[in-house]
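Per-entry structural report
Below, each chain spelled out in residue letters.
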Amino acid sequence: MNLILLGPPGAGKGTQAKRLVDSRGLKQLATGDMLREEVSKGTELGQKAGKIMAEGKLLPDELIIDMIMHHVLSGEQKNGFILDGFPRTVAQAEALDHMLANKGMDLDHVIELQVDEDALVARLVGRFACGKCGAGYHDVFHKPTQDGVCDQCGGTEFTRRADDTEQAIRARLQVYRQQTMPILPYYRRCGALKSVDGMADIADVAQQIDSILDENGG
Ligand code: AP5
């Protein structure tokens, strides 16, 4: 099963994708995570990406399309993949269609997480992750069971993203409205788009997604 999780910054794409990796053995292809890895390794791409990402802008389409093509075409995805953060422009959506058609692969679901903008800002300014295993948390909505200790690996160092400042979040939301929202009608026209209420709590959103995936035998 191959699916896209769509939604504005902070909608919960990463949170739900990680759950689907665990529950269904899907492979998460998160362009933001791939870029942050390049930034942390200090590669040529990372040096270019770091500044653009911190400003909340998008990287050039060709560069992202090449990166995702490499992962979709070369990676092992026995049970299928979840695209998280891609596509983000109509050009990226069209390139994905070509990529999948060339490979004889299908897109089974495009799921949009709908969340109010004010809630998104609150979610992102409070977000942090374990520096050792990457498990995601939130100051209010998803705290580690024991304060300062990661539930998953026991790590005690946590990190926050450079683009989770209020200024960068506002810029990311504007980019989403202007450049990413136009892909919604693109997927609506081909009948692939389903929307879920991303304002519900994490478990409830998970349930809404599961019912979509399990329709018609998943
Ligand atoms: P990327 O890393 O993709 O960031 P994003 O789209 O801004 O999305 P986020 O990761 O911030 O949010 P999310 O929806 O995954 O939310 P999460 O689950 O973490 O991209 C970063 C940058 O990379 C871009 O700005 C761009 O520069 C570049 N880039 C990436 N892809 C690109 C592309 N295709 N083209 C060009 N450039 C690209 O949840 C957020 C918080 O809320 C967490 O703390 C979580 O615990 C909490 N939470 C989640 N769900 C709920 C809920 N239901 N209720 C309450 N809290 C919740």
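Small disclaimer: the values here were computed from a predicted structure and weren't measured.

Calculation rules
- Residues numbered from 1 in each chain as written.
- Predicted model: local features only at pLDDT ≥ 70, side-chain atom pairs only at ≥ 80, totals over all residues.
- Heavy atoms only, no water.
- Helix = DSSP H or I, 4+ residues; strand = E, 2+ residues; numbered from the N terminus.
- Polar contact = N/O pair within 3.5 Å; in protein donor to acceptor, adjacent residues only side chain to side chain.
- Contact = heavy atoms within 4.5 Å.
- Pairing = 2+ DSSP bridges.
- Core = buried A, V, L, I, M, F, W, Y, C linked by side-chain atoms within 4.5 Å.
- Buried < 20%, exposed > 50% of the residue type's maximum accessible area, 1.4 Å probe, protein only.

A separate point is unusual backbone geometry. For the bond from F86 to P87, the omega torsion is 0 degrees, close enough to zero to count as cis. In this structure, P87 sits in the loop between β3 (81-84) and α5 (90-103).

This next bit is on the side chain of Q16. Within the secondary structure layout, Q16 lies in helix α1 (residues 13-24). Within the structure, the side chain of Q16 is placed 3.1 Å from the side chain of R19, a separation counted as a polar contact. Sequence-distant contacts of Q16, defined by excluding residues within four places in its chain, comprise L5, I202, V205, A206 and I209.

With that settled, the discussion passes to the sheet that holds strand β7 (residues 158-159). Ordered in space as β6-β5-β7, the 3 strands form an open sheet in which the pairing is antiparallel. Taken across any chain shown, the strands that pair with only one partner, and hence form the sheet edges, are β6 (136-138) and β7. Both strand β5 (residues 127-130) and β6 contribute to a ladder of 3 bridges, which runs antiparallel. Residue A129 lies in a different strand from β6, and its bridge partner there is G136.

This part covers the nonpolar core. Counting residues in hydrophobic clusters, the biggest one holds 31 residues, and the most contacted among them are L6, L59, I68, L83, L96 and Y187. Elements with a minimum of two residues in this core: β1 (3-6), α2 (31-41), α3 (44-54), α4 (61-74), β3, α5 and α8 (183-189). When residues in this core are grouped by element, the largest group, 6 residues, is from α4. Ignoring sequence-local partners within four residues, the contact set of Y187 consists of I4, L6, P87, A93, L96, L107, V110, A192 and L193. Membership of the second largest hydrophobic core comes to 21 residues, among which are A11, L173, V205 and I209.

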